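Residue-level listing of the chains:
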2 protein chains.
Amino acid sequence: MYRNHNCGELRMANLGETVTLAGWVQRIRKMGGMTFVDLRDRYGLTQLVFNQETDAALCEAANHLGREYVLQVTGVVTERSAKNPKMPTGEIEITVKTVKEMNILNESATPPFTIEDETDGGDDLRMQYRYLDLRRNCVRANLELRHKMAFEVRRYLDSKGFLEVETPVLIKSTPEGARDFVVPSRMNPGQFYALPQSPQTFKQLLMVSGFDRYFQIVKCFRDEDLRADRQPEFTQIDCEMSFVEQEDILELFEGMTRHLFKTIKGIEIPALPRMTWHDAMKYYGSDKPDTRFDMRFVELMDIMKGHGFPVFDSAAYIGGICAKGAASYTRKQLDALTEFVKRPQIGAKGKVYARVEADGNVKSSVDKFYPQEVLQQLKAAMNAEAGDLILMLSGDNADKTRKQLCELRLEMGAQLGLRDKNKYSCLWVIDFPLFEWSEEDGRFYAMHHPFTSPKPEDIPLLDTDPGAVRANAYDMVINGVEVGGGSIRIHDSKLQHKMFELLGFTPERAEEQFGFLMNAFKFGAPPHGGLAYGLDRFVSLFAGLDSIRDCIAFPKNNAGRDVMIDAPAALEDAQLKELSLKVENK
Amino acid sequence: MYRNHNCGELRMANLGETVTLAGWVQRIRKMGGMTFVDLRDRYGLTQLVFNQETDAALCEAANHLGREYVLQVTGVVTERSAKNPKMPTGEIEITVKTVKEMNILNESATPPFTIEDETDGGDDLRMQYRYLDLRRNCVRANLELRHKMAFEVRRYLDSKGFLEVETPVLIKSTPEGARDFVVPSRMNPGQFYALPQSPQTFKQLLMVSGFDRYFQIVKCFRDEDLRADRQPEFTQIDCEMSFVEQEDILELFEGMTRHLFKTIKGIEIPALPRMTWHDAMKYYGSDKPDTRFDMRFVELMDIMKGHGFPVFDSAAYIGGICAKGAASYTRKQLDALTEFVKRPQIGAKGKVYARVEADGNVKSSVDKFYPQEVLQQLKAAMNAEAGDLILMLSGDNADKTRKQLCELRLEMGAQLGLRDKNKYSCLWVIDFPLFEWSEEDGRFYAMHHPFTSPKPEDIPLLDTDPGAVRANAYDMVINGVEVGGGSIRIHDSKLQHKMFELLGFTPERAEEQFGFLMNAFKFGAPPHGGLAYGLDRFVSLFAGLDSIRDCIAFPKNNAGRDVMIDAPAALEDAQLKELSLKVENK
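Not measured: the values here are computed from a predicted model.

## Details of the overall build of chain A
Thought 1: A tally of helices and strands in chain A yields 17 helices and 25 strands.
Thought 2: Taken along its principal axes, the extent of the C-alpha atoms in chain A is 90 × 75 × 55 Å.
Thought 3: Within the span of chain A, comprising 586 residues, buried residues form 58% of the whole.
Thought 4: Counting only carbon and sulfur atoms, one obtains 49% of the accessible surface of chain A, whose full area is about 23900 Å².
Thought 5: Between the mean site of the 74 positive side-chain charges and the mean site of the 86 negative ones, chain A shows a separation of 2 Å.

Okay, structure coming up:
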């Protein structure tokens, strides 16, 4: 061992001890005849002190150290004259006395950016030198958190009798859904494996096998055109249980979330409220409402329609939100909000506002159409008080308008400081629709996936009104982020066949794609269900990060490239030949 | 929840309780007016009893159940009249009284083989219906063991301050070494990712990043022509530490192995002996000696050469083993051993034997060349006693002959019952050579990999006698199986460059392949080292399995196929087109 202590643990209690430390040079300062060096490792920083008077050669050597040199030093733990209460080791320093007590284990070129929480390195540079970026405390802390969360997930699930089972990475391509990454098979020319988008079918097979409680923390892959905050490879906490109903799953995984909050963040979270998908859409315009703040939608058709204001009079939906205490918004701020909702990503035509003044009167941007009496009705409906600001959107499509209002609500929440990263609001969104209608393709798609079970009481609707069928499907939402979701699965092969039919699979295609699963279901499939969490997102949320990239050790950029190792890259011709492949020029 | 108890937990203490169980029908027996059904789940078997007299319709329904039907039953825990001491639940049974207490959750077609430890299903059939094979207790037990081992590995390493960090799966191809599986990038036409053969470079980068103690239980991939007991995807316990010497790593991972033996198998294993690679080759003809039994090689050149026996007189090596108590081997058994060593896989020309008779005399197959006096010297050298059998091989290449003798030793160990699967003998093999000379290519290869550090005292030999340089490399061997291995790495970029040079890399090629690692080393790489265990093998060893396949949930066959899901498979033309690829006919 190159050390007998780490750089984060020495305290006043160690005074007088001779210790050996190893680490990286964080900072060098010369003061008077002294040289101070901060030595860093994963565990902290410790100050070393070299005295010109006791050993000039040693001090000279210390003066020639560079940032990020790797050092091994032996010295005596001494009390500092100027203590630093901000550092855990700030009361002591290590006095190094002779040259042979300082051993340069490795030199370092000057790093291209500073190894500090607030670094001067831009995103591209940091990604290219990710191994240096990872030296920064704030980045390493995210990965330490990730380790802890994964470990606590395993501990909780193990304690509940779950078995972690590894499912294969080299599987078969299923052209439905998102695009697969594929892997040519050299031994089977012209054939390919695919990388799993999720272990969905395998975990269901494990239930057929009687594994009863399965989980896996597992890499999944999706060859998508990358939007912000998507990675081609991502990690799921994948879970499945047999002989359970939806209620059992919600309870068990609510317990897991509570366990994580408690062990990782020391927070006792309250029981998770449940909201139907229908209510989430109605009151928040989103299936993942941020419930850290209220500001629910109020439908205003009855009150605001038919008063001669053409925009509202022609609307299919009018909805409002009440921003508490925001009546003081200036003209400029209100205009900025209008610009915000008019951005093409949101697409509203404009917004209407109404202020509740100190005397209780309501002043609106469309005052001329509305007598105070109506505005008072508005105020009452919005539950608004003096000092509040009411914001209204309308449109000819209720769903679309709600989505726009959702964006406005989130923006107002942010502006009013209601989206505190250190505050957590968790809930279950339940009763998702089974199908999603695609206007474009003129057909239904599975909202979750084709194995999701309809609610038993809605099964008769499959034939008459598929769009109204609710699924036994659920998402866990925290702070407006969908951290996990799942469903009770179909375990009856007849019902599964019916689903495939409704989803437009020919029997041949269903057989080709899911034949092995359907076949397995003939041999006694138990009732089962499960869910999967996105570990990257879950960790980001706990870490208060804006991007999942920061909790991934070696992430890829938006073009799917690892700029550090420069992948992907061209292959050698011999490799392609062995794989019986030829690259076609586009 | 479809049950309030599982099928493995009810005992006499539960008598009189009304319980609900769910599981699979294992067996149905009719006796007198009774029908007995064994209900199975992951936790055990429980007997259900249906009485013709109390409810004829119910009993009739039970008689129509089939094997592997999925059943939910409610009944009363009753004492059995005929108890079964072999079953944990063998003292009780569940009396089911009315039809509505038996709920068939799913029917089952007749499975293609019996769901029993001793099944009638052949290997191919079991793999095709792996989801049914996994229902067999003995198969599920292997995966339960795998879960436990992985969990205990994590628990131990977490307790030692290791962080589990996920490294990327989509990386860059390195044509050196074994073949990579590659993944075409749709977004970067003509470019490919590769799947990692191990996270070697990433874990070294994490050490450069100051992560200090890293581990990961991780899937790795190798596109090899599959020999028996190789899988294209396999799982490693991958570990790396900074500021350590070889001794620190050996101690820490000896501790991990001890922890596993203790927590999983309840065995306290003794401190691991260490054997140099040189001794392992000399005394066992293998770098992974099975030390459950002794039977070490004794070199016999001095004693047996020069007595007129042409085979020995012309040999470059003569070695013997002493099989205790095997003097009673018959002519037929001895001939079979000769056939064994003459098999092309082993390739010896024949073997010579000598029996130590009850009176102490030695009788040899080449008696006519050797006076009893010499044979007594042989006996003494071999430490042989009355009743022992001495087996000797010779050849013109010492290494080759030792390998042959190794096979003979293992065979004799097996025949004499010395390779008990329930006995464990662990050791470290250390001081591996740094290089391996390839006669075929006329050059040196890295025995371990190009990042392995030479022993500091051997560094001068790099220029004069590379073949004699020993590495700071080590393998953990248990019962003749290499379960793990690793090395101290080179952290000095000059030494690393020299290694690349000795291994015949041009500077350009070294840069192209490992440029990012060499670059990282310029910024202060700490001394570091690590090792990796093969989880599949480790589990197989603990489970006493002959093949790693049995501890993998969904393994591939020797042609790299998953016969259950029928992968790999052809892609659709559109998929190939999107990837800018064309399959060439061979």
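## Section: the UniProt feature "binding site: ATP" (unreviewed entry) in chain A
Residues and elements named next belong to chain A.
Thought 1: Within the UniProt annotation, "binding site: ATP" (unreviewed entry) is assigned to R222, D223, E224, Q231, E482, G534, L535, D536 and R537.
Thought 2: Following the sequence through the fold, E482 ends up in strand β22 (residues 481-488).
Thought 3: If you trace the backbone, D536 turns up in helix α16 (residues 535-543).
Thought 4: Residues contacting D536, with those up to four places away along its chain left out, are R146, F234, T235, I548, C551 and I552.
Thought 5: Reaching out from D536, the side chain makes a polar contact with the side chain of R146 at a distance of 2.9 Å.

## Some thoughts on the UniProt feature "binding site: L-aspartate" (unreviewed entry) in chain A
Residues and elements named next belong to chain A.
Thought 1: Following the UniProt record, the feature "binding site: L-aspartate" (unreviewed entry) maps to E176, R222, H448 and R489 here.
Thought 2: As for its position among the elements, R222 is in the loop between β10 (213-221) and β11 (233-242).
Thought 3: Overall, R222 belongs to the partly exposed group, its relative accessible area being 24%.
Thought 4: Sequence-distant contacts of R222, that is, excluding residues within four places in its chain, are made with A178, R179, F181, Q197, P232 and F234.

## Brief notes about the nonpolar core
Among soluble globular proteins, nonpolar side chains are generally buried collectively.
Thought 1: If you look at the biggest cluster of nonpolar residues, it comprises 68 residues, and the most contacted ones within it are L195(A), L205(A), Y131(B) and L195(B).
Thought 2: In contact with L195(B), not counting residues within four places along its chain, are L170(A), V183(A), L195(A), V169(B), L170(B), I171(B), D180(B), F181(B), V183(B) and F221(B).
Thought 3: Counting residues in hydrophobic clusters, the runner-up holds 56 residues, among them L132(A), L205(B), V429(B) and F435(B).

## Examining the interface of chain A and chain B
Thought 1: Of the residues lining the interface, 125 residues belong to chain A; the matching set on chain B comes to 125 residues.
Thought 2: Where E164(A) meets R154(B), a salt bridge forms, and the shortest distance between an N and an O atom there is 3.6 Å.
Thought 3: Our count for the contact surface shared by chain A and chain B stands at 74 residue pairs in polar contact (both at pLDDT 80 or more).
Thought 4: Counting residues per element, the side of chain A that touches chain B draws most heavily on helix α4 (residues 137-159) of chain A, at 9 residues.
Thought 5: Split by residue class, the side of chain A that touches chain B holds 65 nonpolar, 23 polar and 37 charged.
Thought 6: Relative to strand β24 (residues 569-570) of chain B, strand β9 (residues 191-194) of chain A runs antiparallel, the two sharing 2 bridges. Bridge pairing links F192(A) to A569(B) in β24(B).

## Here we look at the relation of the copies chain A and chain B
Thought 1: Superposition record for chain A on chain B: RMSD 0.1 Å, screw rotation 180°, translation along axis 0.0 Å. Here the symmetry operator amounts to a two-fold rotation axis.
Thought 2: The fraction of interface residues of chain A whose copies in chain B are also interface residues reaches 100%, indicating that both copies meet through the same surface.

## Observations regarding helix α5 (residues 200-208) of chain A
Each turn of an α-helix holds 3.6 residues, which means side chains three or four residues apart point in the same direction.
Thought 1: Of all 9 residues in α5(A), 9 are buried; the element is thus mostly enclosed.
Thought 2: Those residues of α5(A) that sit buried are Q200(A), T201(A), F202(A), K203(A), Q204(A), L205(A), L206(A), M207(A) and V208(A).
Thought 3: As for α5(A), its buried residues are in contact with β10, β11, α15 (507-521) and β23 (528-534) of chain A together with β1 (18-31) and α3 (130-133) of chain B.
Thought 4: Phi turns positive, to about 85°, at G210(A), one or two residues after α5(A).

## Structural notes on the side chain of T89(B)
Thought 1: Within the secondary structure, T89(B) is located in the loop between β4 (70-79) and β5 (92-96).
Thought 2: A polar atom in the side chain of T89(B) sits 2.6 Å from the backbone oxygen of L45(B).

## Points about a negative patch on the surface
Thought 1: Together, E116(A), D117(A), E118(A) and D120(A) make up a region of like negative charge exposed at the surface.
Thought 2: Checked against the element boundaries, D117(A) lands in the loop between β6 (102-106) and α2 (123-128).

## So, the packing of helix α4 (residues 137-159) of chain B against helix α6 (residues 246-265) of chain B
Relative orientation and spacing of two packed helices are given, respectively, by the angle between their axes and the distance between those axes.
Residues and elements named next belong to chain B.
Thought 1: At a minimum axis separation of 10 Å, α4 and α6 run at an interaxial angle of 135°. In terms of orientation, α4 lies oblique with respect to α6. Crossing of α4 against α6: the hand is right-handed. Each of L145, K148, M149, E152, V153, Y156 and L157 in α4 lies in contact with α6, whose residues at this interface are L252, F253, G255, M256, H259, L260, T263 and I264.
Thought 2: Taken together, the residues that form the contact of α4 with α6 break down as 10 nonpolar, 3 polar and 2 charged.

## Concerning the pairing of strand β18 (residues 426-430) of chain B
Residues and elements named next belong to chain B.
Thought 1: Taken across its 5 residues, β18 has 5 buried, putting it largely inside the fold.
Thought 2: Covered by surrounding structure in β18 are C426, W428 and I430 together with L427 and V429, the residues of both alternating faces.
Thought 3: Both strand β12 (residues 274-276) and β18 contribute to a ladder of 3 bridges, which runs parallel. Paired with M275 across the strands is V429, a residue of β18.
Thought 4: The pairing of β18 with strand β21 (residues 473-478) spans 5 bridges and is antiparallel. Bridge pairing links I430 to Y474 in β21.

## Comments concerning the sheet that holds β9(A)
Thought 1: Strand order across the open sheet formed by 3 strands is β8(A)-β9(A)-β24(B), with antiparallel pairing between neighbours. In this open sheet, the two edge strands, each paired with only one partner strand, are β8 (182-184) of chain A together with β24 of chain B.
Thought 2: Strand direction decides the pairing type here: β8(A) and β9(A), joined by 3 bridges, are antiparallel. When the bridges of β9(A) are listed, P184(A) appears paired with F192(A).

## Observations regarding the sheet that holds strand β24 (residues 569-570) of chain A
Thought 1: With antiparallel pairing, 3 strands are arranged side by side in an open sheet as β24(A)-β9(B)-β8(B). Strands at the two margins of the open sheet, each flanked by one partner only, are β24 of chain A together with β8 (182-184) of chain B.

## Details of the pairing of strand β4 (residues 70-79) of chain A
Residue and element names in this part refer to chain A.
Thought 1: In terms of strand pairing, strand β1 (residues 18-31) meets β4 through 7 bridges, oriented antiparallel. Opposite W24, over in β4, you have V70 as the bridge partner.
Thought 2: Here β4 runs beside β6; their pairing, made up of 4 bridges, is antiparallel. Paired with L71 across the two strands is I104, which belongs to β6.
Thought 3: With 4 bridges joining them, β4 and strand β5 (residues 92-96) adopt antiparallel strand pairing. The residue bridging T78 from the neighbouring strand is E93, located in β5.

## Focus: unusual backbone geometry
Thought 1: Cis geometry marks the peptide bond from A567(A) to P568(A), where omega comes out at 0°.
Thought 2: Residue placement: P568(A) occurs in the loop between α16 and β24.
Thought 3: In this model, M295(B) sits at a positive phi of 45°, which is unusual for a non-glycine residue.
Thought 4: Taking the relative accessible area as the measure of exposure, M295(B) reaches 7% and is therefore buried.

Rules used in this analysis
- The residue numbering used here restarts from 1 in each chain and proceeds along that chain's sequence as written.
- The order in which chains are written sets their letters, starting at A; the order in which ligands are written sets their numbers, starting at 1.
- Restriction of local features to residues with pLDDT of at least 70 applies here, the model being predicted, together with a cutoff of 80 or more for giving and counting side-chain atom pairs; totals for whole chains, interfaces and linings are based on all residues.
- Side-chain descriptors were evaluated using all non-hydrogen atoms of the structure, hydrogens and water having been removed beforehand.
- Numbered from the N terminus, helices here are DSSP runs of H or I no shorter than four residues, and strands are runs of E no shorter than two.
- Buried means the residue's accessible area, taken with a 1.4 Å probe over protein chains only, is under 20% of the maximum for its type, while exposed means over 50%, and partly exposed covers the values in between.
- To be clear on the numbers: accessible area is Shrake-Rupley with a 1.4 Å probe, and residue cover counts the displayed protein chains and nothing else.
- Only four residue types enter the charge count, namely Lys and Arg as positive and Asp and Glu as negative; His and the chain termini do not.
- Where a charge lies is defined by one atom per residue type, namely NZ (Lys), CZ (Arg), CG (Asp) and CD (Glu).
- UniProt positions are given in the numbering used here, feature names are shortened, and annotations may be inferred rather than shown by experiment.
- Any two residues whose heavy atoms approach within 4.5 Å are treated as being in contact.
- Between N or O atoms, a polar contact is any pair within 3.5 Å; within protein, one atom must be a potential hydrogen donor and the other a potential acceptor, and residues adjacent in sequence are included only when both atoms are from side chains.
- Nonpolar cores were defined as sets of buried Ala, Val, Leu, Ile, Met, Phe, Trp, Tyr and Cys residues, with membership established by side-chain atoms within 4.5 Å.
- A carboxyl oxygen of Asp or Glu within 4 Å of a side-chain nitrogen of Lys or Arg is what we treat as a salt bridge.
- Polarity classes work like this: nonpolar for Ala, Val, Leu, Ile, Met, Phe, Trp, Tyr, Cys and Pro, charged for Asp, Glu, Lys and Arg, and polar for all others, with Gly in that last group.
- What makes two strands pair is DSSP finding at least two bridges between them.
- Our superposition of the copies is a least-squares fit, built on the C-alpha atoms of residues whose pLDDT is at least 70 in both.
- Only residues whose relative accessible area exceeds 30% and that form no salt bridge enter a patch; like-charged residues are grouped when within 9 Å of one another, and nonpolar side chains (Val, Leu, Ile, Met, Phe, Trp, Tyr) when within 5 Å.
- With axes taken as lines fitted to C-alpha atoms, and helix axes fitted only over the stretch in contact, angles between N-to-C directions fall between 0 and 180 degrees.
- An angle counts as roughly parallel when it lies under 35 degrees, as roughly antiparallel when it exceeds 145, as roughly perpendicular when it falls between 65 and 115, and as oblique in every other case.
- Crossing handedness is defined as follows: a turn of the near helix away from the far one that is anticlockwise and smaller than a right angle gives a left-handed crossing, while the clockwise case is right-handed.

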